[in-house]
Amino acid sequence: MKQIKFLLAGTFFGIIMFKSEAASWYRIQEMFRFQDFHMYGIIGLAVAIGVPMVWFMKKNNAKDYSGAPIVFNSKAWSIPRYLFGGVIFGLGWALSGACPGPIVVNIGAGFVGYIIVLIAALFGTFLYGVLRDKLPH
Amino acid sequence: MDLILQPWPWYVSGALIAFVMWLLLYFGKSFGFSNNLRTLCAMCGADKFAPFFQFNWKTQSWNLFFLVGAGLGGYIATNFLTTPDYVVAISEATIEDLGALGFAAPTSYAPASQFGMEALSSWQNILILALGGFMVGFGARYAGGCTSGHAISGISNLQPASLLAVVGFFIGGLAMTHLIFPLIY
């Protein structure tokens, strides 16, 4: 039962993704052509709120609902990992018109083509896991 | 109610996404959707093939509930929270560009020729879907996060690594859109 809140949060997230059109293939095409402000407004505002929010939470040693401190992990710097990984992700994002969250949102919305995208994404993750030691990080 | 049925403007959506990030932090977790891909692989036995999948996936099951919720949200939104004549109102310039590549102007949320039932009758199209998904899954794990983990959570936490990942997302996305799309469509 403890997990119900995550199901509800996810449902809320899915509705936001759909209603904002951030999960629409058309909006992603528009974004990568710089032809509308819409997607930049969404991501930009989320970050513009997120930066002071996280700063404030760190400064005040914010606690979660159970009273445990909220931990913000730093990511170790690396150029190849984030650059190569990011470029590969970006190629897939533009080609499929969806990042991982919206892939699932689109399946829920009845676009069956995204089932193939999801299965292929799982295979991509699997192959990354297998090849991990051989890739520059 | 009419306001909910109409597409939500960017300033409502952006603020709500920040709220979801706060909600997950308050629940003692963090906002990062593509972690689920790793969890699902581990759940299906990938731990026998690579140490990357050797962890107790049950500790990540909360995120799978979040994932199922996201699908449910897509179902609810499309069936109960839109008007019957709903079309994504992208800019004229995009409609023109997509038209030049052979895509009809939007008639719904995503092109049915690519993602509807009919999309599955063309092997070329299935190949495109599979290749796109493969790169999303491979790239997200290689970069250690996707749009939620890097562009939203990571940049909010002022992580240079996340900024670099997002720069990578755009290099890849722009190359696909402007250089590769004209070759495949």
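Residues numbered from 1 in each chain as written. Chains lettered and ligands numbered in written order. Predicted model: local features only at pLDDT ≥ 70, side-chain atom pairs only at ≥ 80, totals over all residues. Heavy atoms only, no water.

### Side note on unusual backbone geometry
Stage number 1. The backbone of A:Glu21 shows a phi angle near 70 degrees, a positive value even though the residue is not glycine.
Stage number 2. A:Glu21 sits in the buried class, given a relative accessible area of 2%.
Stage number 3. Even without a glycine there, the phi angle at B:Leu158 is positive, about 55 degrees.
Stage number 4. Classification of B:Leu158 by relative accessible area gives exposed; the value is 60%. (Buried < 20%, exposed > 50% of the residue type's maximum accessible area, 1.4 Å probe, protein only.)

### Some thoughts on the interface of chain B and chain A
Stage number 1. In this assembly, 128 residues from chain B lie in contact with 109 residues from chain A.
Stage number 2. The junction of chain B with chain A conceals about 10,300 Å² of combined surface from both sides, 78% of it contributed by carbon and sulfur atoms.
Stage number 3. On inspection of chain B and its partner chain A, the count reaches one salt bridge.
Stage number 4. Where B:Asp97 meets A:Arg33, a salt bridge forms, and the shortest distance between an N and an O atom there is 3.4 Å.
Stage number 5. Counting across the interface, chain B meets chain A through 33 residue pairs in polar contact (both at pLDDT 80 or more).
Stage number 6. No other element matches helix 9 (residues 160-184) of chain B, which puts 19 residues into the side of chain B that touches chain A.
Stage number 7. Here the residues of the side of chain B that touches chain A sort into 88 nonpolar, 36 polar and four charged. (Contact = heavy atoms within 4.5 Å. Buried area = accessible area lost by both parts, 1.4 Å probe. Salt bridge = Lys/Arg side-chain N within 4 Å of Asp/Glu carboxyl O. Polar contact = N/O pair within 3.5 Å; in protein donor to acceptor, adjacent residues only side chain to side chain. Helix = DSSP H or I, 4+ residues; strand = E, 2+ residues; numbered from the N terminus. Nonpolar A, V, L, I, M, F, W, Y, C, P; charged D, E, K, R; others polar.)

### Focus on the packing of helix 1 (residues 4-20) of chain A against helix 5 (residues 100-108) of chain A
Residue and element names in this part refer to chain A.
Stage number 1. Between helix 1 and helix 5, the least distance of the axes is 10 Å, while the angle of their chain directions is 90 degrees. Regarding the angle of helix 1 to helix 5, the classification is roughly perpendicular. Along its contact with helix 1, which presents Phe13, Gly14, Met17 and Phe18, the element helix 5 presents Gly101, Pro102 and Val105.
Stage number 2. Classifying every residue of the contact of helix 1 with helix 5 gives five nonpolar, two polar and no charged. (Axes fitted to C-alpha atoms, helices over the stretch in contact; angles between N-to-C directions. Parallel < 35°, antiparallel > 145°, perpendicular 65-115°, else oblique.)

### Describing the pattern of salt bridges
Pairing between side chains of opposite charge can happen when their charged atoms approach one another.
Residues and elements named next belong to chain A.
Stage number 1. If you walk through the whole model with that rule in mind, you get three salt bridges over all chains.
Stage number 2. As a salt-bridge pair, Glu21 and Arg27 come within 2.8 Å of each other at their nearest N and O atoms.
Stage number 3. Looking at Arg27, the relative accessible area reads 7%, which means it is buried.
Stage number 4. Note that Arg27 and Glu30 form a salt bridge whose closest N and O atoms lie 2.7 Å from each other.

### Focus on the confidence of the model for chain B
All names here are of chain B.
Stage number 1. When pLDDT is averaged across chain B, the result is 96; 100% of the residues are at 70 or more.
Stage number 2. Within chain B, helix 4 (residues 61-80) carries the highest mean pLDDT (98), whereas helix 1 (residues 2-5) carries the lowest (89).
Stage number 3. Model confidence for the complex is summarised by a pTM of 0.96, with the ipTM given as 0.96. (pLDDT = per-residue confidence, 0-100.)

### Considerations on the packing of helix 8 (residues 147-156) of chain B against helix 9 of chain B
Residue and element names in this part refer to chain B.
Stage number 1. Between helix 8 and helix 9, the least distance of the axes is 9 Å, while the angle of their chain directions is 135 degrees. The pairing of helix 8 with helix 9 is recorded here as oblique in orientation. The interaxial crossing formed by helix 8 with helix 9 has left-handed handedness. Where helix 8 approaches helix 9, its residues Thr147, Gly149, His150, Ala151, Gly154 and Ile155 are matched on the opposing element by Ser162, Leu163, Ala165, Val166 and Phe169.
Stage number 2. Its residues assigned to classes, the contact of helix 8 with helix 9 shows six nonpolar, five polar and no charged. (Left-handed = near helix turned anticlockwise from the far one by under 90°.)

### Here's the deal with the nonpolar core
Stage number 1. Membership of the largest hydrophobic core comes to 84 residues, with the highest contact counts inside it found for A:Trp25 and B:Phe31.
Stage number 2. In terms of residues, this core owes the most to one element, helix 9 of chain B, which gives eight residues.
Stage number 3. Residues within four places of B:Phe31 in sequence aside, it is in contact with A:Phe13, B:Ile17, B:Val20, B:Met21, B:Leu24, B:Phe66, B:Ser148, B:Gly149, B:Ile152 and B:Ser153.
Stage number 4. B:Ala46, B:Ala50, B:Phe52 and B:Phe53 belong to the second-largest nonpolar core, a separate cluster that totals nine residues. (Core = buried A, V, L, I, M, F, W, Y, C linked by side-chain atoms within 4.5 Å.)

### Digging into the side chain of B:Ser153
Residues and elements named next belong to chain B.
Stage number 1. Here Ser153 is to be found in helix 8.
Stage number 2. Of note is the side chain of Ser153, whose polar atom sits 2.8 Å from the backbone oxygen of Phe31.
Stage number 3. Discounting chain neighbours no more than four positions away, the residues touching Ser153 are Met21, Phe31 and Ser148.

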